[in-house]
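# Commentary on secondary and tertiary structure
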Amino acid sequence: MAKFYAESELDGILTGFRSRGPASLQECLELGTLWQPVFQVTIMANTENGFSVLTGTRRADSNPTHPNVISTPTSMLPLEFARCYFECVAESATDLAPVYFRGIRADDLRTVARFSETQQRTAVPDPSSALSFLVGDLLARKLGCEGAMEAASREKPLGSCHLSMVGAGFSYVADRPTADPEAPEPLYEPLLMFGAILELKDPGIIPEHTSSYKDLCWTSPEDFAEGVRTKRIESFNPKFLDLADQADSDTVTVCARGLCLQTTNKVLADLAADASDGTSS
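Note that the coordinates shown come from a computational prediction; the quantities given were computed from them, not determined experimentally.

What counts and what doesn't
Residues numbered from 1 in each chain as written. Predicted model: local features only at pLDDT ≥ 70, side-chain atom pairs only at ≥ 80, totals over all residues. Heavy atoms only, no water. Helix = DSSP H or I, 4+ residues; strand = E, 2+ residues; numbered from the N terminus. Rg over C-alpha atoms; globule rule 2.2 N^0.38 Å. Buried < 20%, exposed > 50% of the residue type's maximum accessible area, 1.4 Å probe, protein only. pLDDT = per-residue confidence, 0-100. Contact = heavy atoms within 4.5 Å. Polar contact = N/O pair within 3.5 Å; in protein donor to acceptor, adjacent residues only side chain to side chain. Pairing = 2+ DSSP bridges. Phe/Tyr/Trp six-rings, centres within 6.5 Å; stacked < 30°, edge-to-face > 60°. Expected span 1.5 Å × (residues − 1). Disulfide = S-S within 2.5 Å. Arc of directions from axis to C-beta. Salt bridge = Lys/Arg side-chain N within 4 Å of Asp/Glu carboxyl O. Core = buried A, V, L, I, M, F, W, Y, C linked by side-chain atoms within 4.5 Å.

The subject of this paragraph is the overall build of the protein. Check the secondary structure of the protein and you find eight helices and 10 strands. Relative to a compact globule of 281 residues, whose C-alpha radius of gyration would be 19 Å, the protein shows 19 Å and is just as compact. Along the first, second and third principal axes, the C-alpha set of the protein runs to 55 × 55 × 40 Å. Out of the 281 residues in the protein, the part that is buried amounts to 51%.

Put into structure tokens, the structure is as follows:
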């Protein structure tokens, strides 16, 4: 079946949507689902500017469906892998909520499961951990860290990771022409976002450009939250302030949207809330 759908094509078909009624996350991961599982990592490190989170811009040549979109690192998950992985970690999930959407709003991410940090933390790399494998694969394949991954070990790791949350939502992809040229039909990708956190020891292993991303940079959590709220690209990377007026720059086409940003925003908000609770207690 097609990967991208109009809202009318999902009613009565997509588990957890409108006439299908509320569904569990397990039901949304069953064989034949139209939900696409996505692995997403919020990468954090202490930089010269303090505690920061990694952002980058997806290259147009390697990301044809989301070109020039500011993003946090993601990778598609095979449905069978996502289903088996969730079955392994389901017992440690908290705040489980049903998946249910009465209508589509782009980038409206609903948290359907949270996970305890203490139960999930693991080193990167760690050959005994599926989560560590996914994080390491993303570092090597998309973030230019294959050399660092090869040199690292469980005894001398690049950092530690843990699963933070799973969210469900719709990512706007494109418009489909209709009989009315002034009223195209928006198409969406129904996504299940498996959001992990990687605490990186050395932010210097991340290059500025890779085959998947350009303008990789470290952003303060406050600026990141402001960028998600306002969609102002310079909040994620001050470089865009200097380049925005260049007529020959594709920076003018860069935009800030997508469920990856929403996932990191929720992860950072949860971390801040946990820190506040720890301080108050």
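Resuming the write-up.
Of the residues in the protein, 92% reach a pLDDT of 70 or more, and the chain-wide mean stands at 89. Residue range residues 244–252 is modelled with pLDDT below 50. Its contacts to residues more than four positions away, or to other chains, number seven contacts.

Checked against the element boundaries, Ser129 lands in the loop between strand 7 (122–124) and helix 4 (130–142). In terms of polar contacts, Ser129 uses its side chain to reach the backbone amide nitrogen of Leu131, at 3.3 Å.

Moving on, we come to the pairing of strand 6 (residues 110–115). Inspection of the sheet shows strand 5 (residues 93–94) paired to strand 6 by two bridges, in the antiparallel sense. Residue Ala93 lies in a different strand from strand 6, and its bridge partner there is Phe115. Relative to strand 8 (residues 159–176), strand 6 runs antiparallel, the two being bridged by four bridges. Of the residues in strand 8, the one forming a bridge with Ala113 is Val166.

Here the structure, examined in full by the defined rule, presents six aromatic pairs. Taking 5.6 Å as the distance between ring centres and 35° as the angle between the ring planes, the aromatic pair formed by Trp35 and Phe170 counts as tilted. Of this pair, Trp35 sits in the loop between helix 1 (25–28) and strand 1 (36–47) while Phe170 sits in strand 8, and the two are 135 residues apart along the sequence. With relative accessibility at 0%, the residue Phe170 sits in the buried group.

Moving on to helix 4. With 13 residues, helix 4 extends 18 Å from end C-alpha to end C-alpha; this agrees with the ideal 18 Å at 1.5 Å per step. The residue sitting at the N-terminus of helix 4 and contributing the capping side-chain oxygen is Ser129; that oxygen lies 3.3 Å from the backbone nitrogen of Leu131. Immediately downstream of helix 4, the backbone of Gly144 shows phi near 70°, a positive value.

Scanning the model with the defined rule gives zero disulfides in all. The closest cysteine sulfur to the non-disulfide-bonded Cys28 is located on Cys84, 16 Å from its own sulfur.

A word on unusual backbone geometry. At the junction of Val124 and Pro125, the peptide bond is cis and its omega measures out at 5° in the coordinates. Structurally, Pro125 is set in the loop between strand 7 and helix 4. The phi dihedral of Asp215 is positive, around 55°, even though this residue is not glycine. Tracing the backbone through its elements, the reader meets Asp215 in strand 10 (residues 213–219). One non-glycine residue with positive phi stands out, namely Lys231, at about 60°. Given the relative accessible area of 43%, Lys231 is considered partly exposed.

What follows is about helix 6 (residues 221–230). All buried positions along helix 6 are accounted for by Pro221, Phe224, Gly227 and Val228. For helix 6, the buried positions fall inside an angular range of 120° around the axis, keeping them on one side. In helix 6, the exposed positions angled more than 90 degrees off the buried face are occupied by Glu222 and Arg229. After helix 6 finishes, the residue Lys231 shows a positive phi value of roughly 60°.

Time to look at the pattern of salt bridges. Within the structure shown, the criterion is met by 16 salt bridges. Its salt-bridge partner being Arg114, residue Asp95 comes within 3.7 Å of it at the nearest N-O pair. Remark: Arg114 occurs in strand 6 and Asp95 occurs in the loop between strand 5 and strand 6; sequence separation between them is 19 residues.

What follows is about the nonpolar core. Grouped together as the largest cluster of nonpolar side chains are 53 residues, with contacts concentrated most on Phe39, Leu139 and Phe194. Those elements that provide at least two residues to this core are helix 1, strand 1, helix 2 (79–89), strand 6, helix 4, strand 8, strand 9 (185–200) and strand 10. No other element matches the six residues that strand 9 contributes to this core. Counting residues in hydrophobic clusters, the runner-up holds 19 residues, among them Ile70, Ile233, Leu261 and Val267.

Time to look at the environment of Asn68. Of note, Asn68 is situated in the loop between strand 2 (50–58) and strand 3 (70–71). Owing to a relative accessible area of 9%, Asn68 belongs among the buried residues under this scheme. Within polar-contact distance, the side chain of Asn68 engages the side chain of Lys214 at 3.0 Å.

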